[in-house]
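Residue-level structure breakdown
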Amino acid sequence: MSWLLLATVTVMVGFSSCDNNDDDGPTGPDNIAGIVANNPSFSILNAAIVKAGLGSALSGGSLTVFAPDNAAFEASNITAATISTLSAGRLDTILKYHVLGTIASSSAVPVSDTLKTLFGRNLFASRNTNGVFLNGFKVKTPDVAASNGVIHVIERVLIPPTASIAEIVSSDTSFSILLEAVKVAGLVGAVS
């Protein structure tokens, strides 16, 4: 008789856990996209995510997002009106520069190294007694857990570089001596 009772309870628990709710959708409250969408402090970031069409991409996988809140956008002189003027492609580029394709807690951020973003460009990361920094900007709130990764709230918007060091140096004549030194040293590949 106890086996029958145990089997019945097991089946009932199994069926009750199959509740078909919307928490697993693109903006489910537990995934990165949902946390951003449901937090008023991320309204500008959410507008950018929606316009770029990245809600689904930020709902799955195993990700780390360096998320600027509204104060970070304001400190970077970017408003909701600015977001509305940018193309979806430009927003996609900027947003993917804030995302790693792996989960990295704040303690896993290197003391001093680069991190490859989904955009394909590197961020310079550092960690010390003062906190975690990306391209020199501080993580204000680390390790916000999400069902598909982690969010680190940052103090500024990170803008991806548009040119390599070699491109910048070769296009500006005031760097002609530096350019020659780079060529002589055989470092053109390294600065590209």
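Scroll up a little and you will see the structure.
First, a word on scope: everything that follows refers to the structure included in this document.

Procedures and definitions
Position numbers for residues count from 1 along each chain, tracking the sequence in the order it is written. Local features in this predicted model are restricted to residues whose pLDDT is 70 or higher, and side-chain atom pairs enter the listing and the counts only when it is 80 or higher, whereas totals over whole chains, interfaces and linings include all residues. Side-chain calculation: all heavy atoms of the structure are included, whereas hydrogens and water are not. Secondary structure follows DSSP: runs of H or I at least 4 residues long count as helices, runs of E at least 2 residues long count as strands, and numbering of each begins at the N terminus. What makes two residues a contact is simply this: any of their non-hydrogen atoms within 4.5 Å. Here the Shrake-Rupley method, with its probe set to 1.4 Å, supplies the accessible areas, and only the displayed protein chains count as covering residues. Here the rule is simple: two strands pair whenever DSSP picks up at least two bridges between them. Think of a nonpolar core as a cluster: buried Ala, Val, Leu, Ile, Met, Phe, Trp, Tyr and Cys residues, connected wherever their side-chain atoms sit within 4.5 Å. For each residue, the accessible area found with a 1.4 Å probe, counting protein chains only, is set against the maximum for its type, and the residue is called buried under 20%, exposed over 50%, and partly exposed in between. Any Phe, Tyr or Trp ring, taking Trp's six-membered ring, that has another such ring centre within 6.5 Å forms a pair; planes under 30 degrees apart are called stacked, those over 60 apart edge-to-face, and the others tilted. We count a salt bridge whenever a side-chain nitrogen from Lys or Arg sits within 4 Å of a carboxyl oxygen from Asp or Glu.

When helices and strands are counted, the chain shows nine helices and seven strands. Considering only intrachain contacts with a sequence separation of at least 6, the fraction spanning at least 24 residues in the chain is 59%. Carbon and sulfur atoms provide 60% of the accessible area of the chain, an area that totals close to 10900 Å².

Now for the pairing of strand 3 (residues 112-116). Direction of pairing for strand 3 relative to strand 4 (residues 122-128): antiparallel, over a ladder of five bridges. Residue pairing across strands places S112 opposite S126, the latter belonging to strand 4. Hairpin connection, strand 3 to strand 4: the antiparallel pair is bridged by five residues, and G120 has positive phi, about 100°.

This part covers the nonpolar core. Ranked by internal contacts, the top residues of the largest apolar core, which has 26 residues, are I32, L45, I49, L58, F73, I83 and L95. Only helix 2 (32-37), helix 3 (43-52), strand 1 (63-68), helix 6 (88-96) and strand 7 (149-154) provide two or more residues apiece to this core. When residues of this core are assigned to their parent elements, the largest contribution, five residues, is made by helix 3. The next biggest cluster of nonpolar side chains, apart from the first, holds 13 residues, and it includes L100, L134, V139 and L158.

Let's shift gears to the packing of aromatic side chains. In this structure the tally under the stated criterion is one aromatic pair. Taking the centre distance of 6.4 Å and the plane angle of 90° together, the rings of Y97 and F119 count as edge-to-face. Taken as a pair, Y97 in the loop between helix 6 and strand 2 (99-100) and F119 in the loop between strand 3 and strand 4 lie far apart in primary sequence, 22 residues in all. What makes F119 partly exposed here is its relative accessible area of 30%.

With that settled, consider the environment of I35. The topology assignment puts I35 in helix 2. With 110 residues separating them along the chain, I35 and A145 place their C-alpha atoms 9.4 Å apart.

Looking now at the pairing of strand 5 (residues 131-134). The sheet contact formed by strand 4 and strand 5 spans four bridges and is antiparallel. Bridged to S126 within strand 5 is F133. Hairpin connection of strand 4 to strand 5: two residues between the antiparallel strands. Across two bridges, strand 5 lies against strand 6 (residues 137-146) in antiparallel orientation. When the bridges of strand 6 are listed, F133 appears paired with K138. Counted between consecutive antiparallel strands, the loop separating strand 5 from strand 6 contains two residues, among which N135 sits at a positive phi close to 50°.

The next point concerns helix 6. Along helix 6, the residues that are buried comprise L91, T93, I94 and L95. In the core, the buried residues of helix 6 are packed alongside helix 3, helix 5 (80-85) and strand 2.

All right, on to the pattern of salt bridges then. Considering all chains together, one arrives at two salt bridges under this definition. Between D69 and K140 there is a salt bridge whose closest N-O contact spans 2.8 Å. With D69 in the loop between strand 1 and helix 4 (70-75) and K140 in strand 6, the pair connects residues that are 71 residues apart, well separated along the chain. With relative accessibility at 12%, the residue D69 sits in the buried group. Of the residues examined, K140 reaches a relative accessible area of 39% and is grouped as partly exposed. A salt bridge links K96 to D92, with the shortest nitrogen-to-oxygen separation between them at 3.4 Å. Of this pair, K96 and D92 both sit in helix 6, four residues apart, roughly one helical turn. According to the relative accessible area criterion, K96 is partly exposed, its value standing at 29%.

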